[in-house]
Amino acid sequence: MNKFITFEGIDACGKTTQINLLSDFLKLKKNKNLIVREPGGTQISEKIRNILLDNNNNISDETETLLFLSARSQLINEIIIKNINKNNFTLCDRYIDSTIAYQGYGRGLSLDKIQTLNSFATGDIKPDLTFILDIEVSESIIRLGGEKDRMEESGMEFLEKVRYGYQNLAKTSEDRFRFIKCMNRDIKDINDEIIHNVKDFYKGALDE
Ligand code: TMP
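Please read all numbers here as calculations on a predicted model, not as lab measurements.

What exactly am I supposed to notice about the overall build of the chain here?
From N to C terminus, the chain includes eight helices and five strands. Going from N to C terminus, the chain has its helices and strands arranged as β-α-β-α-α-β-α-α-β-α-α-β-α. Taken along its principal axes, the extent of the C-alpha atoms in the chain is 50 × 40 × 30 Å. Counting all 208 residues of the chain, 49% fall into the buried class. Looking at the chain alone, contacts between residues at least 24 apart form 78% of all its contacts between residues at least 6 apart.

Please clarify how the sheet that holds strand β3 (residues 89–93) should be interpreted in this entry.
Backbone-to-backbone hydrogen bonds pair the strands of a sheet. The strands run either parallel or antiparallel. Pairing in this open sheet of five strands is parallel, and the strands run β2-β3-β1-β4-β5 from one edge to the other. Each edge of the sheet is formed by a strand with only one pairing partner; in this case those strands are β2 (33–37) and β5 (177–181). This sheet shows a mean twist of 20 degrees between the axes of neighbouring strands, independent of strand direction.

Would you mind going over the packing of helix α1 (residues 15–28) against helix α8 (residues 187–202) with me for this structure?
Two numbers describe a pair of packed helices, the interaxial angle and the distance between the axes. Axis separation between α1 and α8 bottoms out at 10 Å; the angle between their running directions is 55 degrees. Compared by their axis directions, α1 and α8 come out oblique. Note on packing geometry: the crossing formed by α1 with α8 is right-handed. Two secondary-structure elements touch here, α1 through Thr 17, Gln 18, Leu 21, Leu 22 and Phe 25 and α8 through Ile 187, Ile 190, Asn 191, Ile 194, Ile 195, Val 198 and Lys 199. Its residues assigned to classes, the contact of α1 with α8 comprises eight nonpolar, three polar and one charged.

I tried to follow the packing of aromatic side chains on my own but got confused; where do I start?
In this description, a pair of aromatic rings is defined by centroid distance and the angle of the planes. According to the stated counting rule, one finds seven aromatic pairs in the structure shown. An angle of 80 degrees between the planes, with centres 5.0 Å apart, marks the rings of Phe 89 and Tyr 202 as edge-to-face. One end of the pair, Phe 89, is in strand β3; the other, Tyr 202, is in helix α8, with 113 residues separating them in the sequence. Look at Phe 89 and you get buried, because its relative accessible area is 1%. Ring centres of Phe 201 and Tyr 202 lie 4.8 Å apart, and the angle between their planes is 75 degrees; this geometry places the pair in the edge-to-face category. Of the residues examined, Phe 201 reaches a relative accessible area of 30% and is grouped as partly exposed. One aromatic cluster is present, formed by Phe 89, Phe 201 and Tyr 202 through successive ring pairs. Stacked on the ring of Tyr 95, the Lys or Arg Arg 72 has its end atom at 5.8 Å from the ring centre.

It is not clear to me how the pairing of strand β4 (residues 129–134) should be interpreted in this structure. Could you clarify?
One face of the sheet, then the other: side chains in a regular strand alternate in exactly this way. Within β4, six of the six residues are buried, which leaves the element mostly enclosed by the surrounding structure. Both faces of β4 are covered, namely the face carrying Leu 129, Phe 131 and Leu 133 and the face carrying Thr 130, Ile 132 and Asp 134. Bridge analysis of β4 against β5 gives five bridges, and the strand direction is parallel. Pairing of Ile 132 across the sheet is with Phe 179, part of β5.

I tried to follow the packing of helix α4 (residues 96–106) against helix α7 (residues 156–170) on my own but got confused; where do I start?
Here α4 crosses α7 at 130 degrees, and the two axes come no closer than 8 Å. If you check the angle between α4 and α7, you find them oblique. The interaxial crossing formed by α4 with α7 has right-handed handedness. Two secondary-structure elements touch here, α4 through Asp 97, Ser 98, Ile 100, Ala 101, Tyr 102, Tyr 105 and Gly 106 and α7 through Phe 158, Leu 159, Lys 161, Val 162, Tyr 164, Gly 165, Tyr 166, Asn 168 and Leu 169. Partitioning the contact of α4 with α7 into residue classes produces 10 nonpolar, four polar and two charged.

Parameters at a glance
- Numbering of residues starts from 1 in every chain and runs along the sequence as written.
- Only residues with pLDDT of at least 70 get local features here, since the model is predicted, and only at 80 or more are side-chain atom pairs given and counted; chain-wide, interface and lining totals rely on the full set of residues.
- Excluded from the side-chain calculations are hydrogens and water; all other atoms, namely the structure's heavy atoms, are used.
- For helices the rule is a DSSP run of H or I covering at least 4 residues; for strands it is a run of E covering at least 2, with both sets numbered from the N terminus onward.
- For each residue, the accessible area found with a 1.4 Å probe, counting protein chains only, is set against the maximum for its type, and the residue is called buried under 20%, exposed over 50%, and partly exposed in between.
- Residues count as neighbours in contact if any of their non-hydrogen atoms are within 4.5 Å of one another.
- Strand pairing follows a simple DSSP-based rule, namely that at least 2 bridges must link the two strands.
- Helix axes are fitted only over the stretch in contact, all axes being lines through C-alpha atoms; the angle between N-to-C directions runs from 0 to 180 degrees.
- Roughly parallel means an angle under 35 degrees; roughly antiparallel means over 145; roughly perpendicular covers 65 to 115; every other angle is labelled oblique.
- Put simply, a crossing is left-handed when the front helix is turned counterclockwise from the back one by less than a right angle, and right-handed when it is turned clockwise.
- Charged means Asp, Glu, Lys or Arg here, nonpolar means Ala, Val, Leu, Ile, Met, Phe, Trp, Tyr, Cys or Pro, and polar covers whatever is left, Gly included.
- For Phe, Tyr and Trp, rings pair up if their centres lie within 6.5 Å, where Trp contributes its six-membered ring, and each pair is then called stacked (planes under 30 degrees apart), edge-to-face (over 60) or tilted (otherwise).
- By definition here, charges over rings are those cases where NZ of Lys or CZ of Arg is within 6 Å of the ring centre and within 35 degrees of the ring normal.

Below is the structure:
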């Protein structure tokens, strides 16, 4: 058990809000936890994030994939492994499944190759739990509003493929996935479902 939890979903699905709420819950119970985001979380990874999200950059799908993987590799080596070794919780806003959903299902690159690259970049470190927050694409577009970064500009059809990717991931045999339906639901209600899952999974390992 690595006390490593990731949050996934299409753009503007509410990940950041839910991560902050889970972090508050854990802190209240004196469980130390660190929030990190992808791409980002280290100086180098934040620089890579700027390249990836800059609208002025014309990036090939393969380059895009490798940049996400480079940012991930730096984050895992510089921050996440150390935090796991301290036995603290790590709450990560996106991780390996984002590349499967966005570059695999969204851009149409080989899922097998992405799995191999993910495994290389992370040393096969997987989260204990992965919450996939599901909203409809039309809702995502409304929430995103007018100004979009390079990834958000990929459009509705792209996001539909990404959402489908997440739905498929949730159906795989890996039992770390928790698929949370978030349409027309209160933030608090979603938070309760997440906390219920965390309590259930970590049982003895959680200070309550
Ligand atoms: P964010 O908006 O959740 O911070 O994520 C930045 C964007 O990067 C978002 O549109 C999803 C995208 N992304 C990928 O396409 N592949 C990845 O592997 C990751 C981590 C993010």
